[in-house]
Amino acid sequence: QMERMIVSMQDPDMGIKMRNQRLLITVIPHAMTGNDIVEWLIQKYSISEEESLHLGNLIVKHGYIYPLKDPRSLVLRADESPYRFQTPYFWTSTKWPATELDYAIYLAKKNIRKQGDLIEHEKDNYNLLHKRINHTWDFVVMQAREQLRAAKQRRKGDRIVIDCQEQAYWLVNRPPPGAPNVLEQGPARRNCHSTRVQLVSTPDISPHGRPQIEYCRKAMARTRVKSSICLEGYIKFNEQYVPHDPIMSGCLPSNPWITDDTTYWAMNTPTVPTPTKLRVERWGFNFSELLTDPLGRAQLLDFLKKEFSAENLSFWEACEELRYGEQSRIPEIVDSIYQQFLAPGATRWVNIDSKTMERTLEGIKTPHRYVMDDAQMHIYMLMKKVGEGRAGQGRARLGRILMPLLAQDSYPRFLKSELYRNLLAEAVIPPETKKRVFPFMRKQRHSSPSPALLLPAGDAEERSRGPAADPVPEEES
C-alpha cells in the first residue's frame, strides 16, 4: 500500500508537482518541499494535517522519500525543506540484500571523503567490519576510491542526490543505536515477531542438512589472511630455502650429476659422522625438517634421553611404523605399542584418562592403523593446555598427532641446547667452487672415459694414428 501511494505521488497529472529546489547555491532538479507532501496527502485522502504529517513521516522513515537538507535524520518537516523520491532500486520490496561488503564500501567511501570524520556509531561499525572482513579490505578500499573517482566526474547536484540516496538507504537498513528499526516494526510487518518465534520454535531441518549448516558456521568463524600477508610469507619461505636449492644456488663442493664427483652424496649420507652446515641449519627451519632427516632425528633422540623424555620420540616412531608398515604386521605393532606405552607398568608409560583408555582398549580388539587416535589426541590436548616439561605426543592420525606437541616443547629447547649449538659450530662447510651465472651450466670437471678405451687393442692403435696415418696408394713403376 505504501509503494502504491508513492507511485500515485509521482503521477505526472495527479501527483505532486516536481520542480527545481535550491540547496544553498546548488540547484537540485525534480525535487519537492515538505509542504507539498503534506498538502497532497490532505487533498488525496481527506485527512487532517496532523494525520498527513504522521503518514508522511512513516513514508520518510521507510526510505521512500529522503531529505536533502538534513540527510542524517529521516523526518518530514512541513516547511520549505527539499525532498526527493527514492529510486525504486533502493525500495525495501526489491529485496536487495544489504550485505556487510556493501556497507563497508559505503563507510570506507565516506571515511575517505570526510577524512575520518565519521559519526560515532559509524566509526564503531567501520572498525568492526575492518576486523570481520579483513581478508577483503583491499577490495573494499579499491571500490570506495573508484566510486569517489567516478563521482568527481558528475555535477555537484547529482553528487548530492546520490549521497543522500545512499545515506537514506543505510539509515533504514543499518539504523543508529537506539533508533527503531522500521524493517522490523513497520506497518506491513506487525506480525513479524510472532512469525519468527514460530519458525524458530519449530525448526524443520533434515538430518542431511545439519552437517552443511555446521560447516557454514565454522567457515564464517574461520580466520582468514590477507593476500598481501600470504605473498609476504611465500617470499620469506623462498628466501629461506634459496641457499638449499641446488638449481638456484648450486651444490657444494660440486654437482655429482655434472662433475662425476660423488663427494656431495658422501657428505649428506644419513649416517655421516659430521653433517654439513646447510644440513644443520635446515633443522632449525621447522620441526618437520628435523624429523624427516634420519641424522637430525638421531640427534633429537640423544637430546631427549638427557631430559628423560625419549619415550615421546620413540612413541612417534612406533606410530609412524604402524601407519606406514605392512598390513600383516598391524596387530603385532599395535600390541607392541600398547605393551610399551599404554599398559599398566609399561616401561615407557604414557598417561591418558580412563575414558580414553576404555575406548582405546575397545579398539585394540579389532586393531587397525588408526586405533590409537583417541589416546593420541587426549595427550595432545593435555600437553597443550597444561604445558608440562615433557615433549608431547601429537600428530594427526597416530604419528601425525604427536609432532605439534614435540614441536611446542622439545623442539624449541633442542634448538637452544648446547648440543645443537655444538653441531652448528662443528658442521662442515664444503669448499666453494667457481660460481657462474647459471649454476646448472657448469662444465664437466672430469671428462668421461674415451670410447677408444672400450675398443680392442688393434682397433685402438689404428684409431690413434688419426687421419694422417691413412695409406697412400703407390704409383706403378
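Heads up: the structure comes first, above all this text.
Residues numbered from 1 in each chain as written. Predicted model: local features only at pLDDT ≥ 70, side-chain atom pairs only at ≥ 80, totals over all residues. Heavy atoms only, no water.

Visitor: A description of helix α17 (residues 310-324) should follow, citing residues and the corresponding values.
Guide: Between its first and last C-alpha atoms α17 spans 22 Å; for 15 residues at 1.5 Å apiece the expected length is 21 Å, and the two agree. Most of α17 sits out of view: 12 of its 15 residues are buried. The set of residues buried in α17 consists of A310, E311, N312, L313, S314, F315, W316, A318, C319, E320, L322 and R323. (Helix = DSSP H or I, 4+ residues; strand = E, 2+ residues; numbered from the N terminus. Expected span 1.5 Å × (residues − 1). Buried < 20%, exposed > 50% of the residue type's maximum accessible area, 1.4 Å probe, protein only.)

Visitor: Quick one: what's the story with the packing of helix α16 (residues 294-306) against α17, residue by residue and with numbers?
Guide: At a minimum axis distance of 7 Å, the contact between α16 and α17 shows a crossing angle of 145°. Across from R297, L300, L301, L304 and K305 in α16, the residues of α17 making contact are A310, L313, S314, W316 and E317. Considered class by class, the residues forming the contact of α16 with α17 number 6 nonpolar, 1 polar and 3 charged. (Axes fitted to C-alpha atoms, helices over the stretch in contact; angles between N-to-C directions. Contact = heavy atoms within 4.5 Å. Nonpolar A, V, L, I, M, F, W, Y, C, P; charged D, E, K, R; others polar.)

Visitor: Go over the side chain of D293 with me, naming the residues and quoting the values.
Guide: Residue placement: D293 occurs in the loop between α15 (287-292) and α16. Within the structure, D293 has its side chain in polar contact with the side chain of W283 (distance 2.9 Å). Residues within four places of D293 in sequence aside, it is in contact with R279 and W283. (Polar contact = N/O pair within 3.5 Å; in protein donor to acceptor, adjacent residues only side chain to side chain.)

Visitor: Residue-level account of the sheet that holds strand β3 (residues 65-67), with values.
Guide: The antiparallel open sheet is built from 4 strands, whose spatial order is β1-β2-β4-β3. Sheet topology places β1 (19-23) and β3 at the edges, where each strand pairs with a single neighbour. Looking at each pair of strands side by side, their axes are set apart by 55° on average, direction ignored. Examined bridge by bridge, β3 and strand β4 (residues 82-85) share 3 bridges and lie antiparallel to one another. Counterpart to I65 in the pairing with β4 is F85. In the packing of helix α2 (residues 34-45) onto the sheet, the strands contacted are β1, β2 (26-33), β3 and β4, and the crossing angle to β2 comes to about 20°. (Pairing = 2+ DSSP bridges.)

Visitor: Explain the pattern of salt bridges to me, and be specific about the residues and the numbers.
Guide: Under the criterion given, the structure shown has 15 salt bridges. Among the salt bridges present, the one from R282 reaches E289, with a minimum N-O distance of 3.1 Å. Looking at R282, the relative accessible area reads 28%, which means it is partly exposed. Among the ionic pairs, R297 bridges to E317, the shortest N-O distance being 3.2 Å. Of this pair, R297 sits in helix α16 while E317 sits in helix α17, placing them 20 residues apart in sequence. Owing to a relative accessible area of 32%, E317 belongs among the partly exposed residues under this scheme. Taken together, the shared-partner salt bridges connect E321, R329 and E332 into one network. (Salt bridge = Lys/Arg side-chain N within 4 Å of Asp/Glu carboxyl O.)

Visitor: Please provide a residue-by-residue account of the packing of aromatic side chains, values included.
Guide: For the structure shown, the criterion picks out 14 aromatic pairs. Their ring planes at 80° and their centres at 5.3 Å tell us that W257 and W265 sit as a pair that is edge-to-face. Looking at W257, the relative accessible area reads 71%, which means it is exposed. You can call W265 partly exposed: its relative accessible area is 40%. Three or more aromatic residues joined by ring pairs make a cluster, and in this case those are Y89, F90, Y103, Y106, Y169 and W170. The ring of Y103 is capped by R174, whose NZ or CZ atom sits 5.4 Å from the centre of that ring. (Phe/Tyr/Trp six-rings, centres within 6.5 Å; stacked < 30°, edge-to-face > 60°. Lys NZ or Arg CZ within 6 Å of the ring centre and 35° of its normal.)

Taken by themselves, the reported measurements are silent on function.
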